[in-house]
Each structure stands twice: as C-alpha cells, then as structure tokens.
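Analysis of the macromolecular model
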Amino acid sequence: MCSSDLWSRMSAVVTHEIGNPLEAIQNILYLIRQSEVATPEIARLTRMASEEADRVLAISRSTLAFFRQSSAPERVDLRAASESVRFLLDPILRRREVTLQVRVSGDVVIEALSGEVRQVLLNLVRNACEASPRGGSNVTLTLAGQAEHVEISVSDEGSGINPAVLPTIFQFGQTTKGSQGNGMGLWTVKHIVDKHGGKIDVQSEPGKGAVFTIEWPRSVHASTPHARFAKRLRTAVNA
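What this report covers is the structure whose coordinates are included nearby. (Residues numbered from 1 in each chain as written. Predicted model: local features only at pLDDT ≥ 70, side-chain atom pairs only at ≥ 80, totals over all residues. Heavy atoms only, no water.)

1. Thoughts on the environment of Thr99
Selection criterion: Only DSSP runs of H or I covering at least 4 residues are called helices, and only runs of E covering at least 2 are called strands; the numbering of each starts at the N terminus. Only heavy atoms matter for contacts: two residues are in contact if any of them lie within 4.5 Å across the pair.
By the element assignment, Thr99 lies in strand E2 (residues 99-105). Between the C-alpha atom of Thr99 and that of Thr140, which follows or precedes it by 41 residues, the distance is 8.3 Å. Sequence-distant contacts of Thr99, defined by excluding residues within four places in its chain, comprise Ser137, Asn138 and Val139.

Below, the structure is given as structure tokens:
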C-alpha cells in the first residue's frame, strides 16, 4: 500500500472512530443546555464539555497531520514545527505547570523529511517536560540559524542525568525513566539525526538539568540515504 493510501485510510478512521462520536456528544450536550430544566450551572458545564470535545478532535487531526511523512526531503520551517509541538504537548505542559519557551534567531528553514524532524522535536521536548519539576519550571527550545546548519537545543530544569548513563544514553533500550520508559525515544532521535547527516550531543550535571544539542544540516548531505533517494527520484522524474 502506498503512503497516500495509508494516510487516507487513517484519516477516515480518525473521522469515523473519533470525529463522529464526538459530534454526537456535542449534539447531546447542546440538547441538555437548551432544555427547560437546565440551570445556569448545567449550561456552563455542558458548554465547557463541548469545548473540550472540540479540543480532542482538533488534537487528533493535528496529530495525524503532524506525523504525515513525505516521500522525499522538503523545506521545513523549524519555527512552525516547534509551534506544532507546543500544541500537541499542551496537555502535558498544563498538567505539570511547565512553561515551554521557544527562542528563534536567524534562518531556521532546513531540507529534511518533515515528519521525522517533528518527531525529533516532539521526543526531546516531551522528555524535557517530563524531567522538569512540576509547578513553575521552564523548558527551553532554542533554534539558531547558522551558515551551514541550524543548531537546535532543548534544555530543562530537572535533576539531570546520571553520569553513568550518559555514555550510553542514545543506545537502544537505555532509559532515564525507569519502569516508565521503553528506551526507544532517544535511540530514535539519534537514528533520525544520523540519517539526515546531523550531530547530536547531550550535556548534564546532577541537579542542573540536561541540554540536548543538535546540529541539523541545512540540506541533506550527499552521502545520506535520504539524499541518495532524492537524487534517484529527481533522475527518474527528469528522464
């Protein structure tokens, strides 16, 4: 099955399995709100519930679009990708009372597979949120455009990473979350960054949080799998 067929089917599933029930719930809430026995408090609560139902539907559709993958590298605005991450992680940010600060300088447009770029940002920012103390802490995502690459850094105000874990932090199965982690998130991040010809590093001191830094090339390096695929694709189109 080609990717377009897969995403079309997934969109249909989202609409049918999530969208339709939510619309039914919203209709019921409307009828309750308009009924003669509805007190002002009931009307207020049903209105709030309807707004949350709208939010669930928006998140489900945004998640589907977020991970939609192109078949070849394309221009990706990291600023826009960061705001998509903020939207998806908003429930976690609100629940933990963590503030996500996004700082941007210079040109932060790169050539990459957009779905994979967003997956890297999502994994790193979510990890930083979960590592941060509840109530008033900050996670900072910094995007700095350089001549040949964009530097991406994600920092938190958590307790830091155990020094014994740092040398193997990107290995499959390694986790800083104990029984709550599966050891795949950072391994996936490293794999995606490597495929695009980039570099990733982490610095951490106990009690001072952690900083993950990526050098993401502006264009896909000629030796990477994505670049070779894109070259074959262009050759086939021009033949």
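2. A look at the nonpolar core
We apply this condition: Note on terminology: a nonpolar core comprises buried Ala, Val, Leu, Ile, Met, Phe, Trp, Tyr and Cys residues joined through side-chain atoms within 4.5 Å. Think of it in three bands: with a 1.4 Å probe and only protein chains considered, a residue is buried below 20% of the maximum accessible area for its type, exposed above 50%, and partly exposed in between.
Grouped together as the largest cluster of nonpolar side chains are 40 residues, with contacts concentrated most on Leu78, Val125, Ile152 and Trp216. Mapped by element, the contributors of at least two residues to this core are helix H3 (78-96), strand E3 (109-112), helix H4 (114-131), strand E4 (138-145), strand E5 (149-155), helix H5 (185-195), strand E6 (199-204) and strand E7 (210-217). If you tally residues by element for this core, the top one is H4, at eight residues. Those residues within four positions of Trp216 in sequence are excluded, and the remaining contacts are Ile110, Glu111, Ala112, Val117, Val120, His149, Val150, Ile152, Ile192, Val193 and His196.

3. Regarding the side chain of Gln26
Within the secondary structure, Gln26 sits in helix H1 (residues 3-34). Dropping the residues within four chain positions of it, Gln26 is found in contact with Ser50, Ala53 and Asp54.

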